[in-house]
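Here's the letter readout for the chains.
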Amino acid sequence: MKRKIVITALCLFATLLAGWVLRAAQQQRTQKISTTPAPPLRVQPAKDNDTTGKTVAAAKALLATLDDAGRAKVSFAFDSPQKSKWSNFPSGIFQRNGLRMGDLSPVQREAVMKLLAVALSKQGLQKVKEIMEGDEVLKNSGLGPGGGRPAGGPPPGAGSPPGGGAPGGGRGPGGGRLVFSRDEYYLALLGEPSLTDPWMIQFGGHHLAINVTVVGKTNVMTPSLPAAQPATYKLNGETVRPLGREYDKGFVLINALDEAQQKQAILPYQMGDLVLGPTEDGKTIQPEGIKVSALNKAQQEKLWDVVYEWVGILNDEAAAAKMAEIKANLNDTWFAWSGPVTKGSGSYYRIQGPTVLIEFSPQRGDTEHIHTIYRDPTNDYGARLVKK
């Protein structure tokens, strides 16, 4: 028995040591560098009948369903520290602020979903719902209230931002125990909904952070973190894969490259998590892999198809403008891959350009636990739209 305990302890130590070495190697090769200052963007005024106008109307309709206490809970100043308080962690080890979905009446919950339906695309709203339902699956697996695990470390479903720990600090409404449920998602509004002045919609919970900044006619959805665990589950007899297209299209893209191109694209080391996840605002990394300009037209179209899975979460009008901006920077955009190119593998990929950073990262190769991040190093939180 003693021999078995010693062997188990040695195996655990070896696993931890390998993880530390891998993280150190990744940080060494993905050294963070300062972003290049970008000029302000011109803000076009919005109208009542365009997407911003409809989003403002939906936000005001939601506020009308709340009493004074509810409005105080959901409302923050636009420049509040709340702006960067988002995480992939579940309740219990991360304290979110705003309106908790589980505390709302049916009418109020419907008003929240109507706001998201206007701000996001149909595809984007569906993705959000599927991620939330995945958390309900975790709850029903015995990890939810009554079966929750202590928050001493990230168990299955907890996820972990780069560097570990629980950004933002504090323990949520689980008393230090991880709480999973579609009820554990929060809405915050930063700034007053307006056709002219900047404001923001922040919606998220475990494995989800949607940050939509609205300034006049322009809508920006960076930084945002759509993730999933389980990445595959059954709902009403149907198989649901919240990030299924991102996974499938990534493998289509890497396998559309010839051998020489793959050799350029594939990183000489293994990635196990996001580089620029939560708490990494205001940073970027040195581009690696293959330049998109080195791809042929058909390969480029496959890459843009992958990019749209993130860009297209936002409403169609804003997504079209963002795609045009990203494509205009084709010559300075890079694609990198880490891991096997055989579908079924837990491989990482990254698409990086002057105004876009996308990472897709199965957690240490686990295809049922996937983190992703979508950023614009020049315009996260609409920085260029509010710059004076």
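The structure we're discussing is the one just above.
Notes on the structure follow. (Residues numbered from 1 in each chain as written. Predicted model: local features only at pLDDT ≥ 70, side-chain atom pairs only at ≥ 80, totals over all residues. Heavy atoms only, no water.)

So, about the packing of helix 8 (residues 297-311) against helix 9 (residues 316-328). Where helix 8 meets helix 9, the axes come as close as 10 Å, and the angle between the chain directions of the two elements is 140 degrees. By the criterion of interaxial angle, the relationship of helix 8 to helix 9 is oblique. Of the two possible hands of crossing, helix 8 and helix 9 adopt the one that is right-handed. Contacts from W304, V307, Y308 and V311 in helix 8 reach D316, A319, K322, M323, I326 and K327 in helix 9. Looking at the contact of helix 8 with helix 9 residue by residue, the classes come out as 7 nonpolar, no polar and 3 charged. (Axes fitted to C-alpha atoms, helices over the stretch in contact; angles between N-to-C directions. Helix = DSSP H or I, 4+ residues; strand = E, 2+ residues; numbered from the N terminus. Parallel < 35°, antiparallel > 145°, perpendicular 65-115°, else oblique. Left-handed = near helix turned anticlockwise from the far one by under 90°. Contact = heavy atoms within 4.5 Å. Nonpolar A, V, L, I, M, F, W, Y, C, P; charged D, E, K, R; others polar.)

Among the structural elements, S345 can be located in the loop between strand 13 (334-338) and strand 14 (348-353). In this structure the side chain of S345 is engaged in a polar contact, spanning 2.7 Å, whose partner is the backbone oxygen of T342. Setting aside its immediate chain neighbours within four residues, S345 contacts Y247, F251, P340 and T367. (Polar contact = N/O pair within 3.5 Å; in protein donor to acceptor, adjacent residues only side chain to side chain.)

Most of strand 5 (residues 199-205) is tucked away, with 7 of its 7 residues classed as buried. With burial as the criterion, each face of strand 5 is covered, one bearing W199, I201, F203 and G205 and the other bearing M200, Q202 and G204. Bridge analysis of strand 4 (residues 185-190) against strand 5 gives 6 bridges, and the strand direction is antiparallel. Each bridged residue has a counterpart across the sheet, and for L187 the counterpart in strand 5 is F203. The sheet contact formed by strand 5 and strand 6 (residues 208-215) spans 7 bridges and is antiparallel. (Buried < 20%, exposed > 50% of the residue type's maximum accessible area, 1.4 Å probe, protein only. Pairing = 2+ DSSP bridges.)

The subject of this paragraph is the pattern of salt bridges. Tallying each qualifying case throughout the model produces 21 salt bridges. A salt bridge links D305 to K249, with the nearest nitrogen and oxygen atoms 3.3 Å apart. Pair noted here: D305 is in helix 8 and K249 is in helix 6 (residues 244-256), with a separation of 56 residues, a long-range link. Each of E133, E136, K139 and R182 takes part in one network of salt bridges that share partners. (Salt bridge = Lys/Arg side-chain N within 4 Å of Asp/Glu carboxyl O.)

Here the focus is the packing of aromatic side chains. A complete count under the given rule lists 9 aromatic pairs for this structure. Aromatic side chains W310 and Y349 sit 6.3 Å apart centroid to centroid with 85 degrees between the ring planes, which places their arrangement in the edge-to-face category. With W310 in helix 8 and Y349 in strand 14, the pair connects residues that are 39 residues apart, well separated along the chain. With relative accessibility at 0%, the residue W310 sits in the buried group. Between W337 and Y349, the ring centres sit 5.7 Å apart and the planes meet at 5 degrees, which makes this aromatic pair stacked. You can see W337 sitting in strand 13 and its partner Y349 sitting in strand 14, a full 12 residues away along the chain. When its relative accessible area of 0% is taken as the criterion, W337 is described as buried. Under the relative-accessibility criterion, Y349 is labelled buried at 1%. Aromatic ring contacts, followed pair by pair, group Y247, F251, W310, F335, W337, Y349 and F360 into a single cluster. Lying over the aromatic face of F78, K83 brings its terminal NZ or CZ to 3.6 Å of the ring centre. (Phe/Tyr/Trp six-rings, centres within 6.5 Å; stacked < 30°, edge-to-face > 60°. Lys NZ or Arg CZ within 6 Å of the ring centre and 35° of its normal.)

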